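Chain by chain, the residues:
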Amino acid sequence: MENLISLVNKIQRACTALGDYGEGSALPTLWDSLPAIAVVGGQSSGKSSVLESIVGKDFLPRGSGIVTRRPLVLQLHKIDEGSREYAEFLHLPRKRFTDFAAVRKEISDETDRETGRSKQISSVPIHLSIYSPNVVNLTLIDLPGLTKVAVEGQSENIVQDIENMVRSYIEKPNCIILAISPANQDLATSDAIRISREVDPTGERTLGVLTKIDLMDKGTDAVEILEGKSYRLKFPWVGVVNRSQADINKNVDMIAARRREREYFSTTPEYKHLAHRMGSEHLAKMLSKHLETVIKSKIPGIQSLISKTVAELETELSRLGKPISADAGGKLYTIMEICRFFDGIYKEHLDGVRPGGDKIYNVFDNQLPAALKRLQFDKQLSMENIRKLITEADGYQPHLIAPEQGYRRLIESSVVSIRGPAEAAVDAVHIILKDLVHKAISETPELKQYPALRVEVTNAATESLERMREQSKKATLQLVDMECSYLTVDFFRKLPQDIDKGGNPSHSLFDRYNDSYLRRIGSNVLAYVNMVCASLRNSIPKSVVYCQVREAKRSLLDHFFTDLGKLETKRLSSLLNEDPAVMERRTSLAKRLELYRSAQAEMDSVAWAK
């Protein structure tokens, strides 16, 4: 039993050390899944005395009004007989208190640090661990006493604020409620019973403790309550007799107080038959046994929560990435590795593993052909322009056989207009490649981790694509210029001669400049230009892919890598400067993951041992 409760205490301590506890939080945490006992009662109900009786030490502040103004998470740890008792606060981890009067003062001082020297309350808990051979392993949460009116120096909302704070603890399904009620008051007016009944109507989680039995009016007793006849709970009521104020003033120790408490129940006729389950010693043992039973029943749920949380923490840590290496070589390797991840994702977009690369094919299959079709050759091949160019090409002599220079000028002036669609295809592919850079950047988790490196990689990739675009534009426009520079002779050799078309060789050459003749020239030129368009429709994509797409896959970050090797350590470090919030988050997650994995291993060992 002690080993099981010790394990829970250990996990709870680790949770509180990491701030991973859920007081007042709606989010499920490991702390919330671990059973604990919350002590609830009205002001002056004897809560503090019950806790001190369980611990066997005077360590809680005393006084009038609201003394407990912050939750006190009290963890009791049983140590070997003969060992010296001591206490530790979570906010003072390396300081051991062996004087429990100093513990009382530190509780008061720590309360004042949070609330000031006012009478206000705070939901921020104080965590105290007490190590003693005279205690049972237990976790108790002492909550501010419920009150009905605000006193001077307190806000008007303090009554509701205290109740809300108490509820935030006892509403949790894994919380065991220790309801403290004074026997010298009507149980119907007990604040502890009222609020416990509201959050635990079946009484499954409520343990009742009756204090001040020895202070009841003569002729009255608490037998009906203790026997469960007056107000029935699932578990038997426990009665305790605390030290009187006179005993406290005389520094009567707990051992003597416990002895007098046993004598009271065993010698008082009304309570003799109940003496075996009365008193603070019995209460402590009963709480420890009950806590063990609850923990055993909750182990499957705790294991499930731990496993789920471990998986979530591992996923988030993976998303945040690994911590940065300290040396220059390690930093350079990290940058290169991240860039390789980005480069791999970029290639996947181009190769169709990820979406986006299909847009490039759309440029070649739809946009380029559509742009070539939209070319208007009407102006170049209008009757006026044909007559003008052919006449000018003849010079002072009319052509004898065919207007060759006129043909050449007409063809060149038409083919040169293909430069527009060729340039547009280069630019369209450039835009797609650039968009894919931004997409790949956003899909590289490691780059999210380092904003400075993300900017540098984006800039380097964009500059590289710009260089590739210029090279591609130069090569692609050269294809058009080549078509202008050298015409395909076979095309014209295969054209029918004028005589075959019904021409009359006896006519004057100038008579041949009629509309029919000029239209035939225009038709021939258009046929040749269309042949060139068909050829360029196939060769322009080859040029663009070779100069842009292929190069982007092969050497997108080559210039960046070259420059990277020349950078000093300081500059490399600046590229790997993380957002401080991310670094802090990773550290926190790593600590939590270590805690949960350890808890998982220990819980599993307990489950197997059952």
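Residues numbered from 1 in each chain as written. Predicted model: local features only at pLDDT ≥ 70, side-chain atom pairs only at ≥ 80, totals over all residues. Heavy atoms only, no water.

- Identification of the chain as Dynamin-related protein 5A from Malus domestica is taken from an unreviewed UniProt entry.
- Comment text from UniProt for the chain, heading Sequence similarities (unreviewed entry), reads "Belongs to the TRAFAC class dynamin-like GTPase superfamily. Dynamin/Fzo/YdjA family."
- Its UniProt record gives the chain a comment under Subcellular location (unreviewed entry), which states: "Cytoplasm, Cytoskeleton, Phragmoplast". (UniProt positions renumbered as here; feature names shortened; annotations may be inferred.)

### What about the pattern of salt bridges?
Then step 1. Enumeration over the complete set of coordinates arrives at 33 salt bridges.
Then step 2. When the shortest N-O distance is used, the salt bridge between lysine 105 and aspartate 109 registers 2.7 Å. Of this pair, lysine 105 and aspartate 109 both sit in helix H4 (residues 100-115), four residues apart, roughly one helical turn.
Then step 3. Across the salt bridge formed by arginine 354 and glutamate 348, the nearest N and O atoms sit 2.6 Å from each other. (Salt bridge = Lys/Arg side-chain N within 4 Å of Asp/Glu carboxyl O. Helix = DSSP H or I, 4+ residues; strand = E, 2+ residues; numbered from the N terminus.)

### Considering the packing of helix H15 (residues 419-442) against helix H17 (residues 451-485)
When two helices pack together, their arrangement is captured by the angle between the axes and the distance separating the axes.
Then step 1. Close contact between H15 and H17 brings their axes to 9 Å; oriented N to C, the two are set at 160°. In terms of orientation, H15 lies roughly antiparallel with respect to H17. Relative to H17, H15 is oriented so that their crossing is right-handed.
Then step 2. Residues belonging to the contact of H15 with H17 are distributed by class as follows: 10 nonpolar, six polar and nine charged. (Axes fitted to C-alpha atoms, helices over the stretch in contact; angles between N-to-C directions. Parallel < 35°, antiparallel > 145°, perpendicular 65-115°, else oblique. Left-handed = near helix turned anticlockwise from the far one by under 90°. Nonpolar A, V, L, I, M, F, W, Y, C, P; charged D, E, K, R; others polar.)

### A word on the packing of aromatic side chains
Then step 1. Within the structure shown, the criterion is met by eight aromatic pairs.
Then step 2. Taking the centre distance of 5.4 Å and the plane angle of 80° together, the rings of tyrosine 264 and phenylalanine 265 count as edge-to-face.
Then step 3. For tyrosine 264, a relative accessible area of 23% corresponds to the partly exposed category.
Then step 4. One cation-aromatic arrangement involves arginine 96 over tyrosine 86; the distance from NZ or CZ to the ring centre is 4.0 Å.
Then step 5. When the ring centre of tyrosine 169 is taken as origin, the NZ or CZ atom of lysine 172, which lies over that ring, is 5.7 Å away. (Phe/Tyr/Trp six-rings, centres within 6.5 Å; stacked < 30°, edge-to-face > 60°. Buried < 20%, exposed > 50% of the residue type's maximum accessible area, 1.4 Å probe, protein only. Lys NZ or Arg CZ within 6 Å of the ring centre and 35° of its normal.)

### Comments concerning helix H6 (residues 191-199)
Then step 1. What H6 keeps buried is the set Asp191, Ala192, Ile193, Ile195, Ser196 and Val199.
Then step 2. In this structure, the buried residues of H6 make contact with strand E1 (36-41), helix H5 (158-170), strand E7 (175-182) and strand E8 (206-211).
Then step 3. Between the side-chain oxygen at the start of H6 and the backbone nitrogen of alanine 192 there is a gap of 3.4 Å, and the oxygen is on serine 190. (Contact = heavy atoms within 4.5 Å. Polar contact = N/O pair within 3.5 Å; in protein donor to acceptor, adjacent residues only side chain to side chain.)

### Things to note about the side chain of serine 288
Then step 1. Residue placement: serine 288 occurs in helix H10 (residues 280-320).
Then step 2. Residue serine 288 is classed as buried on the basis of its relative accessible area, which comes to 2%.
Then step 3. Reaching out from serine 288, the side chain makes a polar contact with the backbone oxygen of asparagine 137 at a distance of 3.4 Å.

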